[in-house]
Amino acid sequence: LPFFLNIRNPLNLAIFKNDDISTKQFLDWMYLQTGMTEKDLDMNPLFLEPDFPKRPVWVFIRNNAPMLKKIADMNVFDGIEFYEFCPNLEPTDPAYETKAYVIFNPHQAKLADPNRGEVMLASLKSFMLKRGGKL
């Protein structure tokens, strides 16, 4: 869906593209950008294991929700910019690798195509109700 994202000062993790990086590389970059250590970031202990393999940045982002909360609570960055890939597509497909964003406030996102809003809301309601959620 086309969105307008109001992100003016993102934490830049896009420099890593989709390259596999070590936890140490990730933590070193996070320290340089945020001043936070691995303990401050409250990282998932799995990532701190000595034999944890190199992974793309999006794996660190998606599996460390407490870390995202700590970064948001700093009130320095208003989002995160990174790359992710779709494992269901061939690497030669232009849609395989995309730039992605995390926003810290829902008011930072606006649906760019207002005609699709009702369809999206109806779809979301249906999805949430099937899972027992509330809207």
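Reading guide: rules and limits
- Residues numbered from 1 in each chain as written.
- Predicted model: local features only at pLDDT ≥ 70, side-chain atom pairs only at ≥ 80, totals over all residues.
- Heavy atoms only, no water.
- Helix = DSSP H or I, 4+ residues; strand = E, 2+ residues; numbered from the N terminus.
- Buried < 20%, exposed > 50% of the residue type's maximum accessible area, 1.4 Å probe, protein only.
- Contact = heavy atoms within 4.5 Å.
- Areas by Shrake-Rupley, 256 points an atom, 1.4 Å probe, with all protein chains shown as cover.
- Phe/Tyr/Trp six-rings, centres within 6.5 Å; stacked < 30°, edge-to-face > 60°.
- Salt bridge = Lys/Arg side-chain N within 4 Å of Asp/Glu carboxyl O.
- Core = buried A, V, L, I, M, F, W, Y, C linked by side-chain atoms within 4.5 Å.
- Pairing = 2+ DSSP bridges.

Draft legend 1. How the structure looks around the overall build of the protein. Counting its regular elements, the protein contains 5 helices and 5 strands. Its helices and strands in sequence order give the protein the pattern β-β-α-α-α-α-β-β-β-α, from N to C terminus. Counting the 135 residues in the protein, one finds 30% classified as buried. Here the analysis covers contacts within the protein between residues at least 6 apart in sequence; of these, 62% occur between residues at least 24 apart. In the form shown here, the protein has an accessible surface area of approximately 9100 Å², with 54% of it arising from carbon and sulfur atoms.

Draft legend 2. The packing of aromatic side chains, seen in detail. Tallied over the full model, the rule gives 7 aromatic pairs. Ring centres of F26 and F60 lie 4.4 Å apart, and the angle between their planes is 10°; on these two criteria the pair is classed as stacked. Here the residue F26 occupies a position in helix α1 (residues 23–34), and F60 occupies one in helix α3 (residues 57–62), the gap between them amounting to 34 residues. Overall, the relative accessible area of 0% leaves F26 in the buried class. An aromatic cluster is defined as three or more aromatic residues linked by ring pairs; in this entry it consists of F26, F47, F52 and F60.

Draft legend 3. Here's a closer look at the pattern of salt bridges. All told, the structure shown has 4 salt bridges when counted by the stated rule. Between E84 and R62 there is a salt bridge, and its shortest N-O distance comes to 2.2 Å. With E84 in strand β3 (residues 79–85) and R62 in helix α3, this pair connects stretches of sequence that are 22 residues apart. On the basis of relative accessible area, R62 is assigned to the exposed category, the value being 54%. Across the pair K99 and E81 runs a salt bridge, and its minimum N-O distance is 2.8 Å. Note that K99 is positioned in strand β4 (residues 97–103) and E81 in strand β3, a separation of 18 residues in sequence. Since its relative accessible area comes to 38%, K99 is described here as partly exposed.

Draft legend 4. Representation of the nonpolar core. Formed by 25 residues in total, the largest nonpolar core has its most connected members in L13, F26 and F82. Contributing elements (two or more residues each) for this core: α1, α3, α4 (65–73), β3 and β4. Ranked by residues supplied to this core, first place goes to α3 with 5 residues. Those residues in contact with F26 that lie beyond four places of it in its chain are L13, I21, M43, V57, F60 and M67.

Draft legend 5. Just the pairing of β3, in detail. Counting buried positions over the 7 residues of β3 gives 6, a clear majority of the element. As paired strands, strand β2 (residues 10–12) and β3 are joined by 3 bridges and run parallel to one another. Residue pairing in the sheet places L11 in a bridge with I80 of β3.

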